Amino acid sequence: MYEGPVQDLIDELGRLPGVGPKSAQRIAFHLLAADPADVGRLQDALGRVKEGVVFCEICGNVSEQTQCRICRDLRRDATVVCVVEEPKDVLAVERTREFKGRYHVLGGALDPLAGIGPDQLRIRELMARIGAQDITEIILATDPNTEGEATATYLVRMLRDFPGLTVTRLASGLPMGGDLEFADELTLGRALSGRRTV
Ligand SMILES: [Zn+2]
């Protein structure tokens, strides 16, 4: 245990996802030693993120306006919607440059043990979108792990009743148990172009 502000910083950093106690300590001491200008920029970014960033009213992606850049882009195919868990997965799919459609961000995956059921995810919004817009294909691009698979299975069941809607799933080949964002562009791009109807 350190004293005062240093320990406070380590504690706060340690609450971030994926940051263990050792990393929290390393980051804290890195910041202590860093150039004040660098720390200032981080401080500004942290300050702005809660004020300036909203979630897109259509797809749920992080956005600076009520509708995100991708939803506003008329060149993108609005009939194909790629369903992902988190905003970071949008970035992962975008990096492949394979996809020219739109997205729907669920805000997580089904995880009953953690109290996350269908109502905690943006599933109702997805159904409403399919009902209101001319969408012909839904690509399920949830993470290749237990929760992601359960979420995809649930969605397949929910989407079965929409006439004229094709539901596809990323081709296998993604590292199982992982996160979509950890797949390299080539693998994810292949999984996307090789997607199969479910
Ligand atoms: Zn959007």
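Calculation notes
- Residues numbered from 1 in each chain as written.
- Predicted model: local features only at pLDDT ≥ 70, side-chain atom pairs only at ≥ 80, totals over all residues.
- Heavy atoms only, no water.
- Domains from an automatic or database assignment.
- UniProt positions renumbered as here; feature names shortened; annotations may be inferred.
- Helix = DSSP H or I, 4+ residues; strand = E, 2+ residues; numbered from the N terminus.
- Donors = N, O, S within 2.8 Å, 3.2 Å for Na, K, Ca; no water.
- Tetrahedral: all angles 85-135°; square planar, octahedral: opposite > 155°, others 65-115°.
- Buried < 20%, exposed > 50% of the residue type's maximum accessible area, 1.4 Å probe, protein only.
- Pairing = 2+ DSSP bridges.
- Right-handed = clockwise from strand over helix to strand, strands pointing away.
- Patch = residues over 30% accessible without salt bridge, like charges linked within 9 Å, V, L, I, M, F, W, Y side chains within 5 Å.
- Areas by Shrake-Rupley, 256 points an atom, 1.4 Å probe, with all protein chains shown as cover.
- Salt bridge = Lys/Arg side-chain N within 4 Å of Asp/Glu carboxyl O.

Trainee: Would you mind showing me how to read the domain arrangement of the protein chain here?
Mentor: A common measure of how large an interface is: the accessible area buried when the components associate. What the domain assignment lists for the protein chain is domain 1 (4–52) and domain 2 (75–169). Taking only C-alpha atoms, the centre of domain 1 and the centre of domain 2 are 33 Å apart.

Trainee: What is the right way to look at the UniProt feature "domain: Toprim" (unreviewed entry) in the protein chain in this model?
Mentor: Here, UniProt's "domain: Toprim" (unreviewed entry) annotation points to residues 79–175. Taken end to end, residues 79–175 has its terminal C-alpha atoms 28 Å apart, with 35% of it in helix and 20% in strand.

Trainee: What's the story with the coordination of the zinc ion in this structure? I'm lost.
Mentor: Ideal coordination angles are 109.5 degrees for a metal with four donors arranged tetrahedrally and 90 or 180 degrees for a metal with six donors arranged octahedrally. All of the protein donors around the zinc ion are C56 (SG), C59 (SG), C68 (SG) and C71 (SG); their distances to the metal are 2.3 Å. Coordination at the zinc ion is tetrahedral: its four donor atoms span angles of 104 to 116 degrees at the metal. Taking the relative accessible area as the measure of exposure, C71 reaches 7% and is therefore buried.

Trainee: Please clarify how the pairing of strand β3 (residues 77–84) should be interpreted in this entry.
Mentor: For a regular strand, side chains alternate in direction, first toward one face of the sheet and then toward the other. Across five bridges, β3 lies against strand β4 (residues 101–105) in parallel orientation. In the sheet register, D77 faces β4, and the bridge partner there is G101. Handedness of the crossover joining β3 and β4 through helix α5 (residues 87–96) is recorded here as right-handed. Sheet topology note: the β3/strand β5 (residues 137–140) ladder contains four bridges and is parallel. Residue pairing for β5: C82 is matched across the bridge by I139.

Trainee: When you look at a nonpolar patch on the surface in this model, what are you seeing that I'm missing?
Mentor: Residues V49, V53, F55 and V62 make up a contiguous nonpolar surface patch of about 340 Å² in total accessible area. V49 sits in the partly exposed class, given a relative accessible area of 42%.

Trainee: Explain the sheet that holds strand β6 (residues 166–169) here, please?
Mentor: Whether parallel or antiparallel, the strands of a sheet pair through hydrogen bonds between backbone atoms. The strand order across the open sheet formed by five strands is β4-β3-β5-β6-β7, and the pairing between neighbours is mixed. Two strands in the sheet have a free side with no partner beyond their single neighbour: β4 and β7 (196–197). Of the strand pairs in this sheet, β5 and β6 are connected by four bridges, and their pairing is parallel. Each residue of the ladder has a partner; that of I139, found in β6, is T168.

Trainee: Sorry if this is basic, but what is going on with the UniProt feature "zinc finger region: C4-type" (unreviewed entry) in the protein chain here?
Mentor: The positions UniProt marks with the feature "zinc finger region: C4-type" (unreviewed entry) are residues 56–71. Annotated as residues 56–71, this span is 19% helix and 12% strand, and its ends, taken at the C-alpha atoms, are 8 Å apart.

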